[in-house]
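Breakdown of the fold
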Amino acid sequence: METVCLNRSDDAFVKAVEDESGQRVSRCYQCGNCTAGCPMSFTFDYSVSRIMRLIQAGQKEQVLSSGAVWLCAGCETCTQRCPNEINVAGVMDACRHIAGRERKFGARAVSAFFKAFMDSVRFNGRSHEVGTMALYMLYTGRVWTDVELAPKILPKGKMPLLPHRIAGRREVAEIISRFKQGLSDPDLVRAGLDAQGKSAKEAVS
Amino acid sequence: MSSINVGYFPGCSGLGTSMEYERSTRAVCRELGIGLREIPDWNCCGSTPAHSTDSALSAALASRVFAQGENAGIGDVITPCPSCLKNLRVALEHMEDPLFSARVEALTERPLKMQHSIRSVLQVMVEDVGTERIRGRVRRSLKGLKVVPYYGCLMTRPEKVMRFDDPENPVALDRLLEALGAEVLPFPLKTDCCGGSFSIPSRKVTPRLAGRILDMAGEVGADLVVVACPLCQMNLDLRQGQIRAGGIDRVLPVPYFTQLMARAFALPEADAAFNKLVEDIEPAFACMQRRAADIEAEERKAAAAEAEKARLAAERAAKAAEKAKDAGPDGAGAKSAGAKKTKGKADAGGGDV
Ligand code: SF4
Ligand code: SF4
């Protein structure tokens, strides 16, 4: 385990995580309950309570480049069991958001799978299992992923080769593209709301 | 019995890997008088990949689903999939915040106008229909079937968002399966995560997490594991071979609760769609039938023994009465009448045997 230098705390990062998650990370008193119940801990480089501590200490680099934030399954066990009612799974989710924005992918296979899934949704409006698998193999080069399962599931007729495309798939693609353009950025939207409020006030007076 | 009418969001897996859940859900709802109105041209809720990317993006995909519902006048929606449920529910909660809701609208450009709610199919079954009505529908009891209910990690958690049953030890599915006649075994891993969302990108997660669940189910003596989540189902059923290579040694079928309902209601086989499961469920049903026959034989034996006991007791009472009649002159008439009555009862009991 590496040493963490606590006198270099990135306070902006602490605030970013708190804003993104809506949680006060300072409320964590390191009881370790979250880690004790975390089913994915065995795959983590830093346990979830350690991630909480690293956030408190403003250790941006360690948190964002950790595999743990990507390997968290979002199972909500930690949130359910935190005695301080911190939405710990929400904090992990927020770290994923920030890491993604900074293009830090501590567990490549996971982020590639997410990308494959979202691309399938963008093309079809719905997720399509075969398509997602194909994209995933393409993005990771893991062409033999789960091939041994094919003879089990294909005869069941449960894996349609063609996607179910919805009529509104353009609309779904637009949602994703507006997101990529940053149109849901909180500061931008807040500024827009303020401007609206002002013009509404002016209209009244 | 009032009928229930509600919007329906099947979720993407219903068109593929969980089509047996989809079919049986629709059939069982029809049988119970729950009218499902599918949201027209619904889209994917974005699942884990969307909420791992951004909360507003995830909520925007959910919001389009609700907007599509609005077009058809649908406000209240149910879904079979706990993962969709969590995404849609979290989106609605987040959108109560005006700034967040404005961010979502910046993506969808379709503000929501109606009140919306989203619940699981399981929740509607136990809360609106009720286990008593379900019990009343059973034509082919699941008596003799030993099951463990596996709720998965999301059905009841986080507690504040899901607001359904106990977050760590839920019992809704237990009660429902009991109403179908099954024997529900105590199961300590009801809400433990099976690692389903990582079954593709990581090869070490499923054998360990899903393996533990299957091992425990085998250990407590279950014939099968009943699920309510498409991700859990695929992970525990399709990947059981991969898991078995690493540990458990017996086959455990993994049906959805709605499939068992379809069977207990004696609906057509196509509705139960057991043929879509990878691990064959028929041996478990054969075992159930043998056990049910054994249970019934036991019950008959016990009833016969009870009757025999009653007959002997009546005989003894009659003999005692005879003795009393021979011995004393006072009040003998009344006593003998009492004895005759008892004897008559004993004869009837004997006739039953
Ligand atoms: S359970 Fe809560 S308080 Fe305890 S270590 Fe985890 S986050 Fe901190
Ligand atoms: S949500 Fe993530 S961090 Fe929390 S217990 Fe589950 S896997 Fe662990």
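The rules behind each value
Residues numbered from 1 in each chain as written. Chains lettered and ligands numbered in written order. Predicted model: local features only at pLDDT ≥ 70, side-chain atom pairs only at ≥ 80, totals over all residues. Heavy atoms only, no water. Helix = DSSP H or I, 4+ residues; strand = E, 2+ residues; numbered from the N terminus. Rg over C-alpha atoms; globule rule 2.2 N^0.38 Å. Buried < 20%, exposed > 50% of the residue type's maximum accessible area, 1.4 Å probe, protein only. Contact = heavy atoms within 4.5 Å. Areas by Shrake-Rupley, 256 points an atom, 1.4 Å probe, with all protein chains shown as cover. Domains from an automatic or database assignment. Near = heavy atom within 4 Å. Nonpolar A, V, L, I, M, F, W, Y, C, P; charged D, E, K, R; others polar. Patch = residues over 30% accessible without salt bridge, like charges linked within 9 Å, V, L, I, M, F, W, Y side chains within 5 Å. Salt bridge = Lys/Arg side-chain N within 4 Å of Asp/Glu carboxyl O. Pairing = 2+ DSSP bridges. Right-handed = clockwise from strand over helix to strand, strands pointing away. Buried area = accessible area lost by both parts, 1.4 Å probe. Polar contact = N/O pair within 3.5 Å; in protein donor to acceptor, adjacent residues only side chain to side chain.

Focus on the overall build of chain B
- Counting its secondary structure elements, chain B contains 16 helices and seven strands.
- Its C-alpha atoms give chain B a radius of gyration of 28 Å, more than 25% over the compact-globule value 20 Å for 353 residues.
- In terms of its C-alpha atoms, chain B occupies a principal-axis envelope of roughly 105 × 50 × 35 Å.
- When the 353 residues of chain B are sorted by exposure, 57% land in the buried category.
- Across chain B, contacts joining residues at least 24 apart in sequence account for 80% of those joining residues at least 6 apart.
- Summing over all exposed atoms, chain B offers an accessible surface of approximately 14,600 Å²; the carbon and sulfur share of this is 51%.

Considering the domain arrangement of chain A
- Taken as a whole, chain A is organised into domain 1 (11-101), domain 2 (109-166) and domain 3 (174-205).
- Computed from C-alpha coordinates alone, the two centres of domain 1 of chain A and domain 2 of chain A are separated by 29 Å.

Focus: the site of ligand 2
- Contacts to ligand 2 come from A:Cys38, A:Pro39, A:Met40, A:Val48, A:Cys72, A:Ala73, A:Gly74, A:Cys75, A:Glu76, A:Thr77, A:Cys78 and A:Ala89.
- Within the shell around ligand 2, the residues separate by chemical class into nine nonpolar, two polar and one charged.

Notes on a nonpolar patch on the surface
Residue and element names in this part refer to chain A.
- A cluster of nonpolar side chains, Val-143, Trp-144 and Val-147, forms an exposed patch at the surface whose accessible area comes to about 340 Å².
- With respect to the helices, strands and loops of the structure, Trp-144 is situated in the loop between helix 9 (129-140) and helix 10 (150-153).
- Overall, Trp-144 belongs to the exposed group, its relative accessible area being 66%.

As for the site of ligand 1
Residues and elements named next belong to chain A.
- Around ligand 1 lies a shell of 13 residues, among which Cys-28, Cys-31, Gly-32, Cys-34 and Cys-82 are the nearest.
- Going through the elements one at a time, helix 2 (33-37) and helix 3 (48-56) are the ones with two or more residues in the shell around ligand 1.
- In terms of residue class, the shell around ligand 1 is built from eight nonpolar, five polar and no charged.

Some words on the pairing of strand 2 (residues 34-38) of chain B
Residues and elements named next belong to chain B.
- One ladder, built from five bridges, connects strand 1 (residues 4-8) with strand 2; its direction is parallel. If you follow Tyr-8 over to strand 2, its bridge partner there is Glu-38.
- Between strand 1 and its parallel partner strand 2, the chain crosses via helix 1 (residues 19-31), and the hand of that crossover is right-handed.

Quick look at the interface of chain A and chain B
- Taken together, the 63 residues of chain A in the interface contact 65 residues of chain B.
- When chain A packs against chain B, close to 5,600 Å² is buried across both sides, 62% of that on carbon and sulfur atoms.
- Considering only the surface of chain A that becomes buried against chain B, A:Phe42, A:Gln80 and A:Lys158 emerge as the three largest contributors, covering 12% of it.
- Linking chain A with chain B are seven salt bridges.
- A:Glu171 is paired through a salt bridge with B:Arg64; the nearest N and O atoms lie 3.0 Å apart.
- Our enumeration of links across chain A and chain B arrives at 21 residue pairs in polar contact (both at pLDDT 80 or more).

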